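These are the residues of each chain, in order.
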Amino acid sequence: MTNELPLGQGVLVLSPPRCGSSCVTACISFQGFSLGKTPTDVQDVYNAKGYFENRRVLEFNRAALRRVRTPIYTSTPLSNDQANRTMAQQQELKELLAEEFGSCSRFVIKDPRIVLLRRLYLSSLPEVKIVCLTRSREAAANSMTNMDQKNTRVRRFLPVWDCYMSECEKLKDELGDRVYSLKFEEFLEDPIAKIKELCSFLSVPFLSENGEAVLDFIDPKLVRYGKNV
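How each quantity is defined
- Residues numbered from 1 in each chain as written.
- Predicted model: local features only at pLDDT ≥ 70, side-chain atom pairs only at ≥ 80, totals over all residues.
- Heavy atoms only, no water.
- Helix = DSSP H or I, 4+ residues; strand = E, 2+ residues; numbered from the N terminus.
- Expected span 1.5 Å × (residues − 1).
- Buried < 20%, exposed > 50% of the residue type's maximum accessible area, 1.4 Å probe, protein only.
- Contact = heavy atoms within 4.5 Å.
- Axes fitted to C-alpha atoms, helices over the stretch in contact; angles between N-to-C directions.
- Parallel < 35°, antiparallel > 145°, perpendicular 65-115°, else oblique.
- Disulfide = S-S within 2.5 Å.
- Polar contact = N/O pair within 3.5 Å; in protein donor to acceptor, adjacent residues only side chain to side chain.
- Pairing = 2+ DSSP bridges.

Engineer: Before we go on, may I ask you to explain helix 2 (residues 55-67) in this structure?
Structural biologist: Spacing of three or four residues puts side chains on the same side of an α-helix, whose turn is 3.6 residues. Between its terminal C-alpha atoms helix 2 stretches 19 Å, which fits the 18 Å expected from 13 residues at 1.5 Å a residue. Buried within helix 2 are the following residues: V57, L58, F60, N61, A63, A64 and L65. Those residues of helix 2 that are buried lie in contact with helix 4 (90-101), strand 2 (106-110), helix 5 (113-116) and helix 6 (118-124). Downstream of helix 2 by a residue or two, R69 has a phi angle that is positive, lying close to 60°.

Engineer: Where do I start with the packing of helix 2 against helix 4 in this structure?
Structural biologist: Axes are the key here: two packed helices are described by the angle between their axes and the distance separating the axes. It is the contact of helix 2 with helix 4, at a shortest axis distance of 11 Å, that shows an interaxial angle of 170°. The angle between helix 2 and helix 4 falls in the class roughly antiparallel. Taking contact as the criterion, the partners of R56, V57, F60 and R67 in helix 2 are, on helix 4, E92, L93, L96, E99, E100 and F101.

Engineer: Would you mind showing me how to read the state of the cysteines here?
Structural biologist: Disulfides are covalent bonds that connect the sulfur atoms of two cysteines. Under the definition given, this model contains zero disulfides. We note that C27 lacks a disulfide partner, and the nearest cysteine sulfur, in C23, lies 4.7 Å from it. The structure places no disulfide on C168, whose sulfur is separated from the nearest cysteine sulfur, that of C132, by 4.3 Å. With relative accessibility at 1%, the residue C168 sits in the buried group.

Engineer: I'm lost on the environment of N210 in this one. Help?
Structural biologist: Mapped onto the secondary structure, N210 falls in the loop between helix 10 (191-202) and helix 11 (211-217). Since its relative accessible area comes to 24%, N210 is described here as partly exposed. As for N210 and G32, which are separated by 178 residues in sequence, their C-alpha atoms are 9.3 Å apart. Ignoring sequence-local partners within four residues, the contact set of N210 consists of F30 and Q31.

Engineer: I tried to follow the environment of E53 on my own but got confused; where do I start?
Structural biologist: Looking at the secondary structure, you find E53 in the loop between helix 1 (21-29) and helix 2. The buried category is assigned to E53, whose relative accessible area is 10%. Discounting chain neighbours no more than four positions away, the residues touching E53 are T38, P39, T40, L58, K110, D111 and P112. At 3.1 Å, the side chain of E53 and the side chain of K110 are in polar contact.

Engineer: Mind showing me how you'd approach the pairing of strand 3 (residues 129-134) here?
Structural biologist: Looking down a regular strand, the side chains alternate between one sheet face and the other. Judged by how many residues are buried, strand 3 sits mostly within the fold: five of six residues are covered. Sheet topology places strand 1 (residues 9-14) next to strand 3; four bridges connect them, and they run parallel. What sits directly across from V11, in strand 3, is K129. Pairing between strand 3 and strand 4 (residues 179-183): five bridges, direction parallel. What sits directly across from L133, in strand 4, is L182.

If you want it as structure tokens, here you go:
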């Protein structure tokens with residue numbers, strides 16, 4: 001175990017739900033960014049190629065939000081009091097990040113919950129860069145409709161989407177040029193060009209030999225603006 005926080009180049013991929021963050025995180029990982037020692041291996045009919053998350057990060061984030069009585073599908077951001085209470089878990093988060101990413105020269109972390117927990121993460125990773133991913137509101141809702149055939153979450157999805165989108169906009173205002181804004185529709189139109197832009201933002205070389213992996217990964221049926229997923 002290491003007590004050293006990651007000193008490499010780190011990036012958080014943040015977005016409202018159903019905005020393509022799994023796809024974009026996968027493509028960033030093809031450029032040499034680690035998902036940590038404990039990546040998830042979850043695959044299902046909604047993300048057949050995986051979610052590209054870290055299992056221990058997900059478990060931590062679920063517990064952190066439970067402690068302040070907030071679910072992931074919330075239409076209300078954390079209050080100042082709730083955000084302050086999450087800071088009591090800062091040492092626990094630092095130790096987790098050190099264990100999972102401390103030996104990585106480059107790493108990428110993705111979980112929509114970090115939008116809500118951003119004060120905790122930014123205090124723990126003060127140099128981290130952010131990719132804020134957006135998608136058209138209608139396409140994201142279509143994606144959730146197709147994902148949730150029983151209609152248990154669709155009815156409250158748009159208020160949730162608006163909450164996360166508003167919190168992402170605050171991040172852009174707070175961090176300025178540490179945030180790269182990416183529209184999922186534009187990424188799908190020309191993924192190689194957008195990955196090159198991302199590499200420039202992250203100050204790493206574009207690995208041209210992995211460009212084919214990006215193109216092979218993106219299902220052309222995936223996303224013509226949320227009609228299919």
